[in-house]
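# A look at the structure
Chain by chain, the residues run as shown.
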Amino acid sequence: MGQRGKTGGCALAALALWLAGVPVGAQEGGPPTADKVAELFAQARPHLETVLGARLERPPQFRALSAEQMQQLPDPDLEACVRWQFPELQQDALARALEITRFASAGATLARHAEGFDVIYVVPDNLPRIANWERSLQSANAPAFLQLALVHEAARFALDQRYGLAARRATCRDREEFLAWLAVVEGRAQWVTSQVARRLGSQALFPLLAQRYLHVPDAAPDPALRTYSQTALRMRYWADVRGLAFFNVLQEKNLPDAEKRAFTRPPRVVRWIDRPDLYVRAEQSNRTDLATALRGLEQALPEAEWSAGQQAWTPAMVKQVAALLGERDRAERVTSTWDEGRTLVWSLRKDPRQMVAVSVVRHETPAGARSYFGFAVDLQRKQDQVVANCGPSIRVVESRATSVKLPGVEEAVRNDKRMQYGAGTEPVSVSTLLARAGDVVLECTWHGLPPETGWAERVLTAALAAVK
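Cut-offs used in this document
- Residues numbered from 1 in each chain as written.
- Predicted model: local features only at pLDDT ≥ 70, side-chain atom pairs only at ≥ 80, totals over all residues.
- Heavy atoms only, no water.
- Buried < 20%, exposed > 50% of the residue type's maximum accessible area, 1.4 Å probe, protein only.
- Helix = DSSP H or I, 4+ residues; strand = E, 2+ residues; numbered from the N terminus.
- Pairing = 2+ DSSP bridges.
- Phe/Tyr/Trp six-rings, centres within 6.5 Å; stacked < 30°, edge-to-face > 60°.
- pLDDT = per-residue confidence, 0-100.
- Contact = heavy atoms within 4.5 Å.
- Salt bridge = Lys/Arg side-chain N within 4 Å of Asp/Glu carboxyl O.
- Axes fitted to C-alpha atoms, helices over the stretch in contact; angles between N-to-C directions.
- Expected span 1.5 Å × (residues − 1).
- Polar contact = N/O pair within 3.5 Å; in protein donor to acceptor, adjacent residues only side chain to side chain.

Counting buried positions over the 8 residues of strand E10 (residues 440–447) gives 6, a clear majority of the element. In terms of strand pairing, strand E6 (residues 351–363) meets E10 through 8 bridges, oriented antiparallel. When the bridges of E10 are listed, Ala 357 appears paired with Thr 445. In textbook terms, the turn of a hairpin is the stretch between consecutive antiparallel strands, and for strand E9 (residues 428–437) and E10 this stretch comprises 2 residues, one of which, Gly 438, has a positive phi near 65°.

What follows concerns the packing of aromatic side chains. Under the counting rule described, the total for this entry stands at 10 aromatic pairs. When the centroid spacing of 5.3 Å and the interplanar angle of 90° are considered together, the rings of Phe 246 and Phe 247 count as edge-to-face. One exposure class covers both Phe 246 and Phe 247, and it is buried.

Overall, the prediction assigns the protein a mean pLDDT of 89, with 90% of residues at 70 or greater. Between the elements of the protein, mean pLDDT differs from a low of 40, seen in helix H1 (residues 3–19), to a high of 98, seen in helix H10 (residues 208–211). Contacts from residues 1–30, a stretch scored under 50 in pLDDT, to residues over four places away or in other chains number 46 contacts.

Another point: the pattern of salt bridges. Tallying each qualifying case throughout the model produces 37 salt bridges. Across the pair Arg 268 and Glu 177 runs a salt bridge whose closest N-O atoms are separated by 3.5 Å. On the criterion of sequence distance, the pair formed by Arg 268 in the loop between helix H12 (258–264) and helix H13 (270–274) and Glu 177 in helix H9 (residues 175–200) is long-range, its members being 91 residues apart. Judged by its relative accessible area of 21%, Arg 268 falls in the partly exposed class. Between Arg 265 and Glu 283 there is a salt bridge whose closest N-O contact spans 3.0 Å. With Arg 265 in the loop between H12 and H13 and Glu 283 in helix H14 (residues 276–285), this pair connects stretches of sequence that are 18 residues apart. The network of salt bridges with shared partners includes Arg 173, Asp 174, Glu 177, Arg 268, Asp 289 and Arg 342.

Strand order across the open sheet formed by 3 strands is E1-E3-E2, with mixed pairing between neighbours. The sheet is open, and its two borders are formed by strand E1 (61–64) and strand E2 (111–113), each paired with just one other strand. Geometrically, the sheet is characterised by an average inter-axis angle of 25° between neighbouring strands, direction not taken into account. Pairing of E2 with strand E3 (residues 119–122) involves 3 bridges; the strand directions are antiparallel. Residue pairing in the sheet places Arg 112 in a bridge with Tyr 121 of E3. Along the sheet face, helix H7 (residues 143–163) touches E1, E2 and E3 and points at about 5° away from the line of E2.

For the rest of this paragraph, the subject is helix H11 (residues 223–252). Taking 1.5 Å as the rise per residue, H11 with 30 residues should run 44 Å; its terminal C-alpha atoms sit 43 Å apart, in good agreement. Of the residues flanking the start of H11, the one acting as N-cap is Asp 222, its side-chain oxygen 2.9 Å from the backbone nitrogen of Ala 224. Two residues or fewer past H11, Asn 254 is found with a positive phi of approximately 55°.

Dropping the structure here:
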């Protein structure tokens, strides 16, 4: 068994051990006592159930751990943060990154729900330690702060019972979807906790639940390992803060069944977390999100020959490309009306270098889509100019742009190129079809394959029908 397998096996063994029953307060001298922990939750429970809108039919059980024992248990959210943020990590490197992340996270943990179980682990000894990290955290060394941590994890426990958090996390297909999902989970738990804090009179302590993640000390000798753990902890901070703001806006907008909607039809892009009004508008219009719409197109090429997969298409990606072409400022302007974006890529199984991709971007307004369409067309020309200065390593052998008429589309342009990557190599065909219909911009790209306009017309028509 590899290092990663050993780490996971130890964590599961520890989980089974502590599920067997370690009484709260078992560690000597650890404030508060077992009776105090039970009393803190008993005080908060009626308020928690009022905010949740239902009784806890199966209330959580509390088990005490030291920080060292907590390090042996999985932290699924933070471990997923590391995997999505650093996909290049494999085997031993990944195992070390996950180990240091668990180590740092354990020091900041006061309570943690064990997903799939009715257990919340408690680390009372961390109260004074957290309070000593930073002047702004000094008031954290109080039973009332532990009480809020218990409420937060009890809220996650209730959400897990309702929606099955682990299974839904596993459906995330890229970093964007995962971060949006993390913000939904943490944000809802934070929103519930904030309401309970008001009822308990401990509002002043509530912000520290998120702020502690900004001040976790990290003694890892390797700067790279510190980067992994601190990045994951800051993602948790972002999810707490932005997720709370997300649910506050949903509440202000009086979105019916806000919690149920967010968990059963979750936002799949970070932009909707940062701009909750976009999510509210999408829900009120009951439109299909782009990920779902493109999933229906995955069979447009035969599965036996093609491998299909989706990925996010974000303003940050556009700006990165534009910056290489000296168009960063314009990219900032034309992506300001960006609503959501998604790309579906097919790779030929026998030769993955041959690819077809369909991208869809929805803007807030048709005017915004029109500006973005013009920008995308101009970028194609700009690419030719930049490549011409790259010397013999990359050469545009041929480039031609033509206007195209497509049904249901207001404007469309096809750009066909033959690119040579390296002197003496065979030129590669690269074609792009850009189209705009109202507030939606679509792009179909062929790499290493001749363009099939008839096929593209059918696929783009189907895509437009699905997203409208």
